[in-house]
Structure formats: structure tokens, C-alpha cells
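Letter by letter, the chains look like this.
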Amino acid sequence: MSQSTERTTESNPFTKPGFILAAALVVALIAAALVIFLLPKGQDNNHAAPPPAGSGSPATSSPSAPAAADQSICGLPAASESALGAAPKTKWELVGTMAAPTDPKIGPGKTDDQGIRSCFAHTPTGALYAAVNLWALGIDPSKERAIAEQLAAKGPGRDAGMKAPQTQAPASAMRVQIAGFNVSYTANQAVVELAFKADNGALASVRTTLLWQDGDWKGVVADSGAPLEEPRQVRDLSGFILWSGA
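Residues numbered from 1 in each chain as written. Predicted model: local features only at pLDDT ≥ 70, side-chain atom pairs only at ≥ 80, totals over all residues. Heavy atoms only, no water.

K.L.:
Give a description of the overall build of the protein chain that names residues and reports values.
P.N.:
Helix and strand content of the protein chain: 5 helices and 10 strands. The buried share of the protein chain, taken over its 246 residues, is 48%. Put simply, of all contacts in the protein chain between residues at least 6 apart along the chain, 71% involve residues at least 24 apart. Surface accessibility of the protein chain: about 11,200 Å² in total, with carbon and sulfur atoms responsible for 54%. (Helix = DSSP H or I, 4+ residues; strand = E, 2+ residues; numbered from the N terminus. Buried < 20%, exposed > 50% of the residue type's maximum accessible area, 1.4 Å probe, protein only. Contact = heavy atoms within 4.5 Å. Areas by Shrake-Rupley, 256 points an atom, 1.4 Å probe, with all protein chains shown as cover.)

What follows is the structure, encoded as C-alpha cells:
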């Protein structure tokens with residue numbers, strides 16, 4: 001190998017084994033709580049990525065009828081916008097170790113005695129806030145069952161997750177924060193792609209499908225109980241709308 005090639009390789013962090021390992025840890029940390037409790041023992045979590053919003057209900061979900069009114073269950077108003085092309089002005093709160101967005105007009109409108117944050121506006125921004133709060137809560141394995149019960153969309157996947165034995169996620173000192181997003185939206189379905197950044201600079205992304213169900217945004221899972229898509233390593237934040245609170 002030539003010296004110039006060697007220097008290029010050494011200066012590229014994405015070719016370093018340490019970066020690849022760190023990215024794998026990011027994926028494990030972000031997904032640990034939700035994947036472990038949602039995936040019943042012995043199940044394979046290989047599954048297709050979710051369809052974009054507007055292409056019909058996900059084949060793996062069995063949603064109930066949408067809420068009769070566009071307002072959320074805690075009275076947050078709906079709005080007519082159908083896209084989110086810029087980062088919203090946001091107040092952030094720590095949920096465990098992750099900063100999550102909050103706004104009295106967007107949500108969360110409810111926080112129960114277990115710390116479960118729910119009730120978001122029926123808007124693209126509401127869907128974005130719901131997705132981030134879902135992942136922030138999901139890092140804490142003690143909230144697994146409460147998340148499944150309150151924040152998962154009705155259907156076989158939710159039922160499978162509720163029946164799975166609770167498993168403790170492995171401890172990790174890694175910290176991750178939101179770094180960007182994309183939202184694809186229709187009135188009753190949203191696909192929110194989030195970019196995460198670890199405290200060592202490693203990046204990962206994941207898409208979360210949400211349904212407007214019973215006056216709130218609910219996360220959709222596969223019939224097995226697994227997320228519709230696993231987190232994946234990304235090289236940079238190009239293609240994402242930059243947005244962060246920490």
C-alpha cells in the first residue's frame with residue numbers, strides 16, 4: 001500500500017475498527033429496550049422496512065379506526081399542515097439520558113406516574129415529537145411493559161410484545177442524542193426517520209412508523225413484536241434536517 005493510501009485510511013474515521021464497533025454499540029443502545037421487550041424469545045427480527053406514509057396501512061399492523069376528532073385525547077389542537085420541512089423551535093427536556101422535545105401546544109400533554117410521556121398533537125410536528133419521546137423512553141428497560149401498553153399501536157405486534165418476558169438491557173456508558181430527522185406524513189400515518197449521534201461522534205438512524213389511534217400517535221411494530229426497521233449506521237447527516245437539543 002502506498003504511503004498516501006495509508007495516510008488516507010488512517011485519517012478516515014469510518015475505516016477504523018473502533019468506529020465500526022462504536023456504531024454497533026450505538027445501535028444496540030438505541031434499540032435495546034424496545035427490541036428486547038418487543039421481540040418474543042425465539043423470534044427472528046429480520047423484517048422489511050416500513051412503507052412510506054400514504055401507501056396504505058402497514059401490512060403488519062391491524063390499527064383501530066382513527067379517533068373521531070382530530071384533537072388529541074388531552075385536547076391539543078390539530079392543524080392543516082401536512083409536511084415538516086424545517087426544524088421546529090424546540091424546548092428540550094432530559095428523559096433519562098436523552099434530550100426530548102416538549103411544547104404545551106404539541107406535547108407531551110400527559111406524563112403518568114411511571115414517567116410515560118404521551119398525548120401529542122395531530123400534526124407532523126406532533127408525530128416527530130412522539131417518535132423522539134418514544135425512543136427516549138425506550139432506552140430505560142424498566143419502562144418496557146408500560147411503553148408496549150400505552151405507546152404501541154393496537155395489533156398482533158403489540159399483543160406479542162405484551163406477552164414477551166421482560167429482559168434487562170445490557171448496561172452501557174454510551175450516550176446518544178437526536179441529531180436530525182425526516183418526516184413523511186398523512187392524516188393518520190407518519191414515518192419519522194431519526195438520526196442519532198453518540199457522545200463519541202458515531203451516527204445511526206432508524207425509521208419509526210406511527211398511526212393516529214385513539215387520539216394519539218402510536219408506534220407500529222411487526223406481527224412478531226419487533227420494530228418494523230432496525231437502526232442502521234450512517235456516515236453523515238446529509239439528507240437529514242438538522243435538529244438537536246444536546
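K.L.:
For the nonpolar core, give the residues involved together with the corresponding values.
P.N.:
In this structure, Leu128, Phe181, Val192, Leu194 and Trp217 are the most contacted members of the largest nonpolar core, which totals 38 residues. Elements with a contribution of two residues or more to this core: strand 2 (98-102), helix 3 (124-138), helix 4 (144-151), strand 5 (176-186), strand 6 (189-198) and strand 7 (203-213). By residue number, the principal contributor to this core is helix 3, which donates 10 residues. Not counting the four nearest positions on each side in its chain, Leu128 is found in contact with Leu84, Pro88, Phe181, Val183, Val192, Leu194 and Trp243. Ala153, Leu211, Val220 and Leu228 belong to the second largest nonpolar core, which has 5 residues in total. (Core = buried A, V, L, I, M, F, W, Y, C linked by side-chain atoms within 4.5 Å.)

K.L.:
A description of the side chain of Lys143 should follow, citing residues and the corresponding values.
P.N.:
By the element assignment, Lys143 lies in the loop between helix 3 and helix 4. In this view, Lys143 contacts Gln114, Gly115, Ile116 and Leu137; residues no more than four positions away in its chain are not counted.

K.L.:
If you had to explain the side chain of Ser205 to someone new, which residues and values would you point to?
P.N.:
With respect to the secondary-structure elements, Ser205 resides in strand 7. Among all residues touching Ser205, those that are not within four sequence positions of it are Glu193, Leu194, Ala195, Glu230, Pro231, Arg232, Val234 and Phe240.

K.L.:
How would you summarise the environment of Ala127 if you had to cite specific residues and measurements?
P.N.:
Position of Ala127 relative to the elements: it lies in helix 3. Along the sequence, Ala127 and Val183 sit 56 residues apart, while their C-alpha atoms lie 8.2 Å from each other. Those residues within four positions of Ala127 in sequence are excluded, and the remaining contacts are Ala121, Ala190, Val192, Leu210 and Trp217.

K.L.:
Outline the pattern of salt bridges, supporting the account with residue identities and numerical values.
P.N.:
Scanning the entire structure with this criterion turns up 3 salt bridges. Arg117 is paired through a salt bridge with Glu93; the nearest N and O atoms lie 3.1 Å apart. Taken as a pair, Arg117 in strand 4 (residues 117-118) and Glu93 in strand 1 (residues 91-95) lie far apart in primary sequence, 24 residues in all. A relative accessible area of 9% places Arg117 in the buried class. (Salt bridge = Lys/Arg side-chain N within 4 Å of Asp/Glu carboxyl O.)

K.L.:
Give a detailed account of the environment of Ala87, specifying residues and quantitative values.
P.N.:
With respect to the helices, strands and loops of the structure, Ala87 is situated in the loop between helix 2 (17-38) and strand 1. Judged by relative accessible area, which is 36%, Ala87 ranks as partly exposed. Put simply, Ala87 and Ser244 are 157 residues apart on the chain and 9.1 Å apart in space, counted from C-alpha to C-alpha.

K.L.:
Talk me through the confidence of the model for the protein chain; I want residue IDs and the actual numbers.
P.N.:
Low pLDDT marks stretches whose predicted atomic positions should not be read closely. The predicted model of the protein chain averages 74 in pLDDT, with 66% of residues at 70 or higher. Within the protein chain, helix 2 has the poorest average pLDDT of any element, 42, and strand 10 (residues 241-242) the best, 98. This stretch, residues 4-68, has a pLDDT under 50; its non-local contacts, to residues over four places away or in other chains, come to 138 contacts. (pLDDT = per-residue confidence, 0-100.)

K.L.:
Talk me through the packing of aromatic side chains; I want residue IDs and the actual numbers.
P.N.:
Under the definition given, this model contains 6 aromatic pairs. Between Trp135 and Phe196, the aromatic rings sit 6.3 Å apart at their centres with planes inclined by 75 degrees, giving edge-to-face as the arrangement. With Trp135 in helix 3 and Phe196 in strand 6, this residue pair connects regions lying 61 residues apart in the sequence. With respect to burial, Trp135 and Phe196 carry one shared label: buried. Ring centres of Trp212 and Trp217 lie 5.2 Å apart, and the angle between their planes is 70 degrees; on these two criteria the pair is classed as edge-to-face. These aromatic residues form a ring-pair network of at least three members: Trp92, Tyr129, Phe181 and Trp243. (Phe/Tyr/Trp six-rings, centres within 6.5 Å; stacked < 30°, edge-to-face > 60°.)

K.L.:
Kindly report on the environment of Ile147, identifying the contributing residues and their values.
P.N.:
Among the secondary structure elements, Ile147 is positioned in helix 4. For Ile147, a relative accessible area of 3% gives the class buried. Along the chain, Ile147 and Arg117 lie 30 residues apart, while their C-alpha atoms are 9.3 Å from each other.

K.L.:
Can you explain unusual backbone geometry? Please cite residues and give values.
P.N.:
Following Gly107, the chain continues into Pro108 via a peptide bond in cis, with omega recorded as 5 degrees. Secondary-structure assignment places Pro108 in the loop between strand 2 and strand 3 (110-111). Of note, Asp214 is a non-glycine position whose phi angle comes to about 55 degrees, a positive value. If you trace the backbone, Asp214 turns up in the loop between strand 7 and strand 8 (216-219). Classification of Asp214 as partly exposed rests on a relative accessible area of 36%.

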